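These are the residues of each chain, in order.
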Amino acid sequence: MDAQTLPRIAAEDFLDVLAAHGIDHLFVNPGTDFAPIVEAFARAGRTNRPAPRPMVVPHEHAAVAMAHGYTLVTGRPQAVMLHVNVGLANSINALIDASRDRVPLLLTSGRTPITEEGPHGARSVHIHWAQEMFDQAGMLREFVKWDYEMRRGDQIAEVVDRALELAQASPTGPVYLALPREVLGEEIETRANAPRKPRARPEPPRAATDDIERAAEWITAARHPLIITGQLGRNPSEAVLLTRLAESFALPVVPFNPSHFAISGAHPMFQGGEPGSLLTEADLILVLESDVPWIPSLANPAADARIIQVGEDPLYQRYPMRSFRSDLTITSSLMAFLNALEPALAERTAPHTTELDARRNRLAARSSHLRFGWATEIEAARRAETINLAWLIHCLHAIIEPDTLVVNEYSFRQEYCPLDRPGSLFSVGPAGGLGWGFPAALGIKLASPQKQVVALLGDGAYMFANPTACHFIAESQELPTLTVIYNNALYGAVRRATLDMYPTGVAAQADGRLLAELPSLAFERIVEAHGGHGERVDHPAALPAALQRAAAAVRGGQQALVNVICN
Ligand SMILES: Cc1ncc(C[n+]2csc(CCOP(=O)(O)OP(=O)(O)O)c2C)c(N)n1
């Protein structure tokens, strides 16, 4: 067969249009619905047509989380194709993470053949009946911005254009497209106008001048301002701007459950990850891209504090309930906001007024005091018999290289391991669908092959990741990452919740461990089974060398895992 002269099928247009949109990878987990896609890839290979690189990922959750990680680094959406409803169902946890993390992504899956006989691609095996649903997209509609089912093979390019422009419009997020087999296999005319020019995209929103003026006035007038960040730092330039602003205008920064690096943990304006007294004493709080800037049942700002909330979707319109106070709500990208705020503040105050200098000194003293406390915790941990979180995170610091990317699906804290580079931290998104960290680290490594990628996971989170699928990908795709597991043989969060709610209850008599205990497994042997380097450590003194050996293995091209047995 000559691939050049065969009648063209719609699946070829699908690959063409993905390539035209700059999509590097199609992460797939295939089924009987894939025949036209497989044929299209084979034809593209034969004719040298540009196509995304197909990567078979042996679990759908991992496929979506890899795409998520890749996009966090590159900013470019990727595509995923899964097997009809059953494969799609396996991906929904990862889709929820991507959706709440506002990651643009084209998620596609097959749809069982529509016709029972007749057209090319009509039903041909037993499962084709039971896999049909009345509304396949219904199971994930709440977590995508747009969904559609391909109806005509000759329309595929326009539909993918629409999908990708919506995924990338502010606020960005996943979209879903169902691809029936007969439609993918439809014979179509070769397009006269290919490759098509992409439509111009709208810019992310920018704060209105009046709002910038008002925010600058309020910040200048405040005696006890506070900045709380959440997603700030996805674009590393946001962290650069924020740091400059914090320095110039003596503004304390608390990255509260941060997704990314907002400011260095070594900076005097970094005030730890918990606002503490800063929250209750503040007379102005600037909330930058944070869905949950504080926990109202635990502590609240003063009643007369002014609150400014800024974000691309500051109302979090897809959240059913969210009631954080706001006196000025600004819809804006953080780059646009911070770039406009800086000169507006500079117009109102010089960086070295007596008042600002005094505040800067006070904040620097506060952060030194905090730092002393963190150092004391580390010293106590060094001398302990078992490993705790502070010690584990502190020990990571010694293996972190200038370009290391830290993936966090545990409690990574700059308090114990200050980072100094914007763009160096990626935490599981606000939905907390566990299992994200390991495959996201693989996607991050795929996007940055020269960099060291270190993933910090709980033992629970590691098991949620379908570890064998992830280790297989690391091995087969040559993506050596370092996985560090905080192994407390526990769903600690579940235990804490039980003890918080029923501190004197019956469950507390057994330390709240009911339903929370996990077996302490030899995870180091799982990585070894995949050709990787495994370490098991249970004493604080042994941890630094184990991490060094694992990091060296990764530098040598081997994936590595350190199973850290904790107290
Ligand atoms: C997919 C998924 N299932 C269940 C949960 C509920 N959950 C939240 S934290 C947690 C325990 C995680 O265990 P681990 O990663 O070991 O961390 P630890 O709580 O022990 O600190 C669970 C089960 C979740 N967030 N996501």
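Everything here concerns the structure above.
Quick caveat: nothing in here was measured; it's all calculated off a predicted structure.

Could you clarify how one ought to interpret the site of the ligand in this entry?
If you check the shell around the ligand, you find 14 residues, and the closest are Tyr 410, Asp 459, Gly 460, Gly 492 and Ala 493. At a separation of 2.7 Å, an oxygen atom of the ligand approaches a polar backbone atom of Gly 492. In this structure, Ala 493 approaches the ligand through a main-chain N or O atom, which is 2.7 Å from an oxygen atom. Contributions of two or more residues to the shell around the ligand are made by helix 16 (459–464) and helix 18 (492–501). Among the elements that line the shell around the ligand, the one with the most residues is helix 16, at 4 residues. In terms of residue class, the shell around the ligand is made up of 7 nonpolar, 6 polar and 1 charged.

Can you help me understand the environment of Ile 399 in this one?
Along the polypeptide, Ile 399 turns up in the loop between helix 14 (389–396) and strand 12 (405–409). Placed 53 residues apart in sequence, Ile 399 and Gln 452 show a C-alpha to C-alpha distance of 9.6 Å.

Would you mind going over the sheet that holds strand 16 (residues 533–537) with me for this structure?
By definition, the strands of a sheet pair up through backbone hydrogen bonds, in either a parallel or an antiparallel sense. Taken in spatial order, the 6 strands make up an open sheet running 13-12-14-15-17-16, and their pairing is parallel. The sheet terminates laterally at strand 13 (425–427) and strand 16, the two strands that pair on one side only. Neighbouring strand axes in the sheet, compared pairwise and without regard to direction, differ in orientation by 15° on average. Of the pairings in the sheet, the one linking strand 15 (residues 482–487) to strand 17 (residues 560–565) comprises 6 bridges and is parallel in character. Note that in strand 17 the partner of Asn 487 across the bridge is Ile 565. Along the sheet face, helix 21 (residues 543–555) touches strand 15, strand 16 and strand 17 and points at about 165° away from the line of strand 17.

Whenever I open this one, the side chain of Asp 313 confuses me. Can you help?
Relative to the elements of secondary structure, Asp 313 occurs in the loop between strand 10 (306–311) and strand 11 (328–331). Arg 102 is the oppositely charged side chain nearest to the buried, salt-bridge-free Asp 313, at an N-O distance of 4.4 Å. One polar contact links Asp 313 to Gln 317, side chain to side chain, over a distance of 3.0 Å. Apart from residues no more than four positions distant in its own chain, Asp 313 is found in contact with Arg 102 and Pro 171.

Could you clarify how one ought to interpret the sheet that holds strand 1 (residues 25–28) in this entry?
In spatial order, the strands read 2-1-3-4-6-5; together these 6 strands make up an open sheet with parallel pairing. At either end of the open sheet lies a strand with only one pairing partner, and these are strand 2 (53–56) and strand 5 (147–149). Within the sheet, the average angular offset between the axes of one strand and its neighbour, ignoring direction, is 20°. Here strand 3 (residues 78–82) runs beside strand 4 (residues 105–111); their pairing, made up of 5 bridges, is parallel. Bridging from a neighbouring strand, Leu 82 pairs with Ser 109 of strand 4. Where helix 3 (residues 60–74) meets the sheet, its contacts fall on strand 1, strand 2, strand 3 and strand 4, and the angle it forms with strand 3 comes to roughly 175°.

Any chance you could explain the packing of aromatic side chains here in plain terms?
Here the distance between the centres and the angle between the planes together describe a pair of aromatic rings. One pass over the structure, following the stated rule, counts 8 aromatic pairs. Plain terms: the ring middles of Tyr 316 and Tyr 319 are 5.2 Å apart, the flat faces sit at 50° to each other, and that makes the pair tilted. Of the residues examined, Tyr 316 reaches a relative accessible area of 7% and is grouped as buried. A centroid spacing of 6.1 Å and a plane angle of 10° characterise the contact between Phe 464 and Tyr 491, whose relative ring orientation is stacked. One end of the pair, Phe 464, is in helix 16; the other, Tyr 491, is in the loop between strand 15 and helix 18, with 27 residues separating them in the sequence. Given a relative accessible area of 39%, Phe 464 falls into the partly exposed group.

Explain helix 10 (residues 236–248) to me, please; I cannot follow it from the model alone.
Because an α-helix packs 3.6 residues into every turn, residues spaced three or four apart end up facing the same way. Over its 13 residues, helix 10 runs 19 Å from end to end, which matches the ideal 18 Å to within 8%, given 1.5 Å per residue. Within the sequence span of helix 10, burial applies to Glu 238, Ala 239, Leu 241, Leu 242, Thr 243, Leu 245 and Ala 246. Positioned one or two residues after helix 10, Ala 250 has a phi angle of 50°, which is positive.

Can you help me understand the nonpolar core in this one?
The nonpolar side chains of a soluble globular protein tend to be buried with one another. Of all hydrophobic cores here, the largest spans 73 residues; its most connected members are Leu 288, Phe 337, Leu 482 and Leu 543. Beyond its immediate sequence surroundings of up to four residues, Phe 337 is in contact with Ala 207, Ile 212, Ala 215, Leu 286, Leu 288, Val 310, Ile 330 and Ser 332. Counting 52 residues, the second largest nonpolar core, distinct from the first, contains Val 64, Met 66, Leu 72 and Tyr 176.

Which parts of the structure should I look at to understand the pattern of salt bridges?
A side chain with one charge can pair with a side chain of the opposite charge if their charged atoms come near. Evaluation of the coordinates by the stated rule reveals 30 salt bridges. Between Glu 39 and Arg 43 there is a salt bridge, with the nearest N and O atoms lying 2.8 Å from each other. Of the two residues, Glu 39 and Arg 43 both sit in helix 2 (residues 35–47), 4 residues apart, roughly one turn of that helix. Of the charged contacts, one joins Glu 535 and Arg 549 as a salt bridge, the two residues approaching to 2.8 Å between their closest N and O atoms. Of this pair, Glu 535 sits in strand 16 while Arg 549 sits in helix 21, and the two are 14 residues apart along the sequence. Overall, the relative accessible area of 9% leaves Glu 535 in the buried class.

When you look at the pairing of strand 11 in this model, what are you seeing that I'm missing?
The two faces of the sheet receive side chains in turn, since in a regular strand these alternate between them. Going residue by residue along strand 11, you find Leu 328 and Ile 330 tucked away on one face and Thr 329 and Thr 331 left uncovered on the opposite face. Where strand 10 lies against strand 11, 4 bridges are found, and the strand directions are parallel. Along strand 11, the bridge assignment pairs Gln 309 with Thr 329.

Quick question: what am I supposed to make of the environment of Arg 162 here?
Summarising the element assignment, Arg 162 is placed in helix 7 (residues 156–168). Using a relative accessible area of 39% as the deciding quantity, one classes Arg 162 as partly exposed. Sequence-wise, Arg 162 and Ile 307 are 145 residues apart; in three dimensions their C-alpha atoms are separated by 37 Å. When near neighbours in sequence (up to four residues on either side) are disregarded, Arg 162 contacts Trp 146 and Arg 199.

What exactly am I supposed to notice about unusual backbone geometry here?
The phi angle of most residues is negative, glycine excepted, and most peptide bonds adopt the trans form. The omega torsion of the bond from Ser 170 to Pro 171 falls at -15°, within 30 degrees of zero and hence cis. Examined against the element boundaries, Pro 171 turns out to sit in the loop between helix 7 and strand 6 (174–180). Here the phi dihedral of Ala 250 falls at roughly 50°; this positive angle occurs in a residue that is not glycine. Relative to the elements of secondary structure, Ala 250 occurs in the loop between helix 10 and strand 8 (253–255). Here Ala 250 falls in the buried class, since its relative accessible area comes to 0%.

It is not clear to me how the packing of helix 15 (residues 437–447) against helix 17 (residues 467–476) should be interpreted in this structure. Could you clarify?
Pairs of packed helices are described in terms of their axes, by the angle between the two and the distance that separates them. At their nearest, the axes of helix 15 and helix 17 sit 9 Å apart, and the two run at 15° to each other. One way to sum up the angle between helix 15 and helix 17 is to call them roughly parallel. Of the two possible hands of crossing, helix 15 and helix 17 adopt the one that is left-handed. Contact residues: helix 15 offers Phe 438, Pro 439 and Leu 442, while helix 17 offers Pro 467, Cys 470, His 471, Ile 473 and Ala 474. Partitioning the contact of helix 15 with helix 17 into residue classes produces 7 nonpolar, 1 polar and no charged.

Scoring rules and cut-offs
Residues numbered from 1 in each chain as written. Predicted model: local features only at pLDDT ≥ 70, side-chain atom pairs only at ≥ 80, totals over all residues. Heavy atoms only, no water. Near = heavy atom within 4 Å. Polar contact = N/O pair within 3.5 Å; in protein donor to acceptor, adjacent residues only side chain to side chain. Helix = DSSP H or I, 4+ residues; strand = E, 2+ residues; numbered from the N terminus. Nonpolar A, V, L, I, M, F, W, Y, C, P; charged D, E, K, R; others polar. Pairing = 2+ DSSP bridges. Axes fitted to C-alpha atoms, helices over the stretch in contact; angles between N-to-C directions. Contact = heavy atoms within 4.5 Å. Buried < 20%, exposed > 50% of the residue type's maximum accessible area, 1.4 Å probe, protein only. Lys, Arg positive; Asp, Glu negative; His and termini not counted. Salt bridge = Lys/Arg side-chain N within 4 Å of Asp/Glu carboxyl O. Phe/Tyr/Trp six-rings, centres within 6.5 Å; stacked < 30°, edge-to-face > 60°. Expected span 1.5 Å × (residues − 1). Core = buried A, V, L, I, M, F, W, Y, C linked by side-chain atoms within 4.5 Å. Parallel < 35°, antiparallel > 145°, perpendicular 65-115°, else oblique. Left-handed = near helix turned anticlockwise from the far one by under 90°.

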